[in-house]
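# Geometric and topological summary
Given next are the chains, with one letter for each unit.
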Amino acid sequence: MNKAMSRRDMLTQVVPAAAFVGVGLNSAALLAQQADQPGENVVGRLLAAAYQNGQYALPPLPYAYEALEPHIDAKTMQLHHDKHHLAYVNGLNAAMKAIQTGNIDPTALPTVQRNLSFNGGGHILHTIFWATMAPNAGGAPQGPIADAINKSFGSFDAFKDYFTKVAAGVKGSGWALLSYEPLGDQLMVFEVNEHDTKLIAGSVPLLPLDVWEHAYYLKYQNVRADYIKAWWNVVNWSAVNGAYQWVRARYRPQQQ
Ligand code: MN3
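Below, the structure is looked at part by part. (Residues numbered from 1 in each chain as written. Predicted model: local features only at pLDDT ≥ 70, side-chain atom pairs only at ≥ 80, totals over all residues. Heavy atoms only, no water.)

### Regarding unusual backbone geometry
- A cis amide bond links Glu 69 to the next residue, Pro 70, at an omega of 5°.
- Here Pro 70 shows up in the loop between strand E2 (55-56) and helix H4 (74-100).
- One non-glycine residue, Glu 194, adopts positive backbone phi at about 50°.
- Along the chain, the position of Glu 194 falls in the loop between strand E4 (186-193) and strand E5 (196-197).
- Given a relative accessible area of 32%, Glu 194 falls into the partly exposed group.
- For Gln 221, which is not a glycine, the phi torsion comes out positive at approximately 50°.
- Assignment of secondary structure puts Gln 221 in the loop between helix H8 (217-220) and helix H9 (224-231).
- Looking at Gln 221, the relative accessible area reads 39%, which means it is partly exposed. (Helix = DSSP H or I, 4+ residues; strand = E, 2+ residues; numbered from the N terminus. Buried < 20%, exposed > 50% of the residue type's maximum accessible area, 1.4 Å probe, protein only.)

Laid out in structure tokens, this is it:
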């Protein structure tokens, strides 16, 4: 990042660019503004680092590769962040570059559109994924996110069981995604196929779980269920709670 550019300057660039891409990135840009608030948390910080100097950018992991051991191994984290995520950042920038020429060959349009959503979704989901994991984490959530989970799913245990089943049931490559739906002021879990978020428009992603094989195969081979079980031990509920509170304050200021 250009040292002369303030965080606020950076964020004013994030919002219009992300809004152009669509609902998913627009919601992420909303979250990214959180980095400018008191009580900054890691979700907002990483999202703010995910677009810099006029381009999408790979945000640094907020911990060392080995920090999530034994639940997620260092080699997987290194490959996943440095290779896979970087490829989505590069693919998204390439798609934007093609669009910004203003002259897309009609025969190339389906490919450009596919690259936009595949790589854009991948970039945002991975950024929030890194931010919502931490060493010495897991357990049950505290604060407003815990209340929202109880309201939306009955109990934390019921939510955990439901989310686990959604993640386990993803066919092929994809994600499970806990999101905030502002119209109903409630939380919902959505299935993501590859990186294409199948969510209610306007919902804001809060807690994504990557169940692509590249996220777990080195350590867990084909046993996705063991990986999901281990992932609960690294969920950074403090980060999820911070993101939830900030987003809800934007949509429901009268209820704060
Ligand atoms: Mn991945």
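### Describing the coordination of the manganese ion
- Coordination sphere of the manganese ion, protein contribution only: His 80 (NE2), His 126 (NE2), Asp 210 (OD) and His 214 (NE2), at 1.9 to 2.2 Å.
- Positions of the donor residues of the manganese ion along the chain correspond to the pattern H-x45-H-x83-D-x3-H. For the pair formed by Asp 210 and His 214, the shared burial category is buried. (Donors = N, O, S within 2.8 Å, 3.2 Å for Na, K, Ca; no water.)

### Structural notes on the sheet that holds E4
- Spatial strand order, E5-E4-E3-E6: 4 strands in an open sheet with antiparallel pairing. Unpaired on one side and paired on the other, E5 and strand E6 (204-210) mark the two borders of the sheet.
- As defined by bridge partners, E4 adjoins E5 across 2 bridges and the pair is classed as antiparallel. Within E5, the residue paired with Asn 193 across the bridge is Asp 196.
- Contacting strand E3 (174-181), E4, E5 and E6, helix H5 (residues 109-131) crosses the sheet at an angle of about 85° to E6. (Pairing = 2+ DSSP bridges. Contact = heavy atoms within 4.5 Å. Axes fitted to C-alpha atoms, helices over the stretch in contact; angles between N-to-C directions.)

### Some thoughts on the pattern of salt bridges
- Evaluated as defined, the whole model comprises 5 salt bridges.
- Among the salt bridges present, the one from Arg 114 reaches Asp 196, with a minimum N-O distance of 2.5 Å. Linking Arg 114 in helix H5 with Asp 196 in strand E5, this pair joins segments that are 82 residues apart in sequence.
- Measuring nitrogen to oxygen at the nearest pair gives 3.0 Å for the salt bridge that ties Lys 165 to Asp 161. With Lys 165 and Asp 161 both in helix H7 (residues 156-169) and 4 residues apart, this pair spans about one turn of that helix. (Salt bridge = Lys/Arg side-chain N within 4 Å of Asp/Glu carboxyl O.)

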